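Here is how the chains run, residue by residue.
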Amino acid sequence: MEFVFVLAVGLAAGTLSGIVGFGSSILLMPVLVIAFGPRQAVPIMAIAAIMANLSRIMVWWREVDWRTVGAYSATAVPSAALGVATLLTLPPRVIEAALGAFFIAMIGVRRWMAAHGMKLNLAHLALLGVPVGYLTGIVVSTGPLTAPLFLATGLVKGAFLSTEAAASLAVYLAKAMVFRGFGALPLDIVAKGLLTGSTLMAGAFIAKRFVLRLEPESFRVLMDGLMLVSGATLLWAAFN
């Protein structure tokens, strides 16, 4: 029943992230931590995130901006690999606390970026790929941060969803390779990741019909709420 609940949350998370471009890790990660513990939850989420991003690319294939993907991925991919190596040396309680603090902090960061109307070019994305990629390796997902970055380049709707997904896919593939190299991806973890990821993929296809009817501010408020609840849940788990 515990895993059935994980799959149900995965479907909801996949639908949400298929609409706004991020959110699957924010919603799903606390459930995975509670079900499997933080050390298993991170590689499971890495496998699931690969499938989620792949599905968004499939849905919006014709609108991917490959130059933007290349600029960000060139620095984010090696930085994420370094972040994973850091993650695997940390105790579980530290991981939970870092995840919780990160999610809550991203509420303020996202709002600050929106208030300043940041406009980014390819060079900016390459520079920002270093710290954001490293954080992604440690804290699972930086969707709340990368989404404003890619939106600030002028991409919208399908182009934004597919381009951000393609860049994230490159980062998550690098993470999975590092997990595998450190022996953190045994077959049972891979199987759990594939099952969880299948629900995220299904959600992305469900979401397509809603994208053109978006009220962006409503979803920004929703994501802030999700980050607050998820961050608080992880902090509670770390200190209890």
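What counts, and where the lines are drawn
Residues numbered from 1 in each chain as written. Predicted model: local features only at pLDDT ≥ 70, side-chain atom pairs only at ≥ 80, totals over all residues. Heavy atoms only, no water. Helix = DSSP H or I, 4+ residues; strand = E, 2+ residues; numbered from the N terminus. Rg over C-alpha atoms; globule rule 2.2 N^0.38 Å. Buried < 20%, exposed > 50% of the residue type's maximum accessible area, 1.4 Å probe, protein only. Contact = heavy atoms within 4.5 Å. Areas by Shrake-Rupley, 256 points an atom, 1.4 Å probe, with all protein chains shown as cover. Lys, Arg positive; Asp, Glu negative; His and termini not counted. Charge placed at Lys NZ, Arg CZ, Asp CG, Glu CD. Phe/Tyr/Trp six-rings, centres within 6.5 Å; stacked < 30°, edge-to-face > 60°. Axes fitted to C-alpha atoms, helices over the stretch in contact; angles between N-to-C directions. Parallel < 35°, antiparallel > 145°, perpendicular 65-115°, else oblique. Left-handed = near helix turned anticlockwise from the far one by under 90°. Nonpolar A, V, L, I, M, F, W, Y, C, P; charged D, E, K, R; others polar.

Asks: Before we move on, could you go through the overall build of the protein and cite the residues and values that matter?
Replies: A count of helical and extended segments in the protein gives 10 helices and zero strands. Element order for the protein, N to C, with α for helix and β for strand: α-α-α-α-α-α-α-α-α-α. Here the C-alpha atoms of the protein give a radius of gyration of 16 Å, agreeing with the 18 Å that 2.2 N^0.38 yields for 240 residues. Dimensions along the principal axes, computed over C-alpha positions, put the protein at roughly 40 × 35 × 30 Å. Within the protein, the proportion of its 240 residues that are buried is 54%. Sequence separation of 24 or more characterises 87% of the internal contacts of the protein that already satisfy a separation of 6 or more. Summing over all exposed atoms, the protein offers an accessible surface of approximately 10300 Å²; the carbon and sulfur share of this is 72%. Between the averaged position of the 16 positive side-chain charges in the protein and that of its 9 negative side-chain charges there is a distance of 4 Å.

Asks: Residue-level account of the packing of aromatic side chains, with values.
Replies: Aromatic rings considered in pairs are described by the distance between their centres and by the relative angle of their planes. The full count for this structure, using the stated rule, is two aromatic pairs. Ring plane angle 70° and centroid distance 5.3 Å describe the contact between Tyr72 and Phe150, whose orientation is recorded as edge-to-face. Pair noted here: Tyr72 is in helix α4 (residues 66–87) and Phe150 is in helix α7 (residues 143–151), with a separation of 78 residues, a long-range link. Since its relative accessible area comes to 0%, Phe150 is described here as buried.

Asks: Provide a residue-level description of the environment of Val221, including the pertinent values.
Replies: Following the sequence through the fold, Val221 ends up in helix α10 (residues 216–239). Given the relative accessible area of 46%, Val221 is considered partly exposed. C-alpha separation for the pair Val221 and Ile107, spaced 114 residues apart in sequence, amounts to 9.6 Å.

Asks: How would you summarise the environment of Val33 if you had to cite specific residues and measurements?
Replies: On the secondary structure map, Val33 appears in helix α2 (residues 24–36). Apart from the residues lying within four places of it in its own chain, the contact partners of Val33 are Pro38, Ala41, Glu96 and Leu234.

Asks: Before we move on, can you summarise the packing of α2 against helix α3 (residues 38–59) with the specific residues and values?
Replies: With their axes 8 Å apart at the nearest point, α2 and α3 run at an angle of 140° to one another. In terms of axis orientation, α2 runs oblique to α3. When you trace α2 past α3, the crossing you get is right-handed. Contacts from Ser24, Ser25, Leu28, Met29, Leu32, Val33 and Phe36 in α2 reach Pro38, Gln40, Ala41, Val42, Ile44 and Met45 in α3. Here the contact of α2 with α3 is composed, by residue class, of 10 nonpolar, three polar and no charged.

Asks: Run through the packing of α3 against helix α8 (residues 157–181), naming residues and quoting values.
Replies: Between α3 and α8, the least distance of the axes is 8 Å, while the angle of their chain directions is 150°. With respect to each other, α3 and α8 are oriented roughly antiparallel. The two elements α3 and α8 meet at a crossing, and its hand is left-handed. In contact with Val42, Pro43, Ala46, Ala49, Ile50, Asn53, Leu54, Arg56 and Ile57 of α3, α8 contributes Leu161, Ser162, Glu164, Ala165, Ala166, Ser168, Leu169, Tyr172, Leu173, Ala176 and Phe179.

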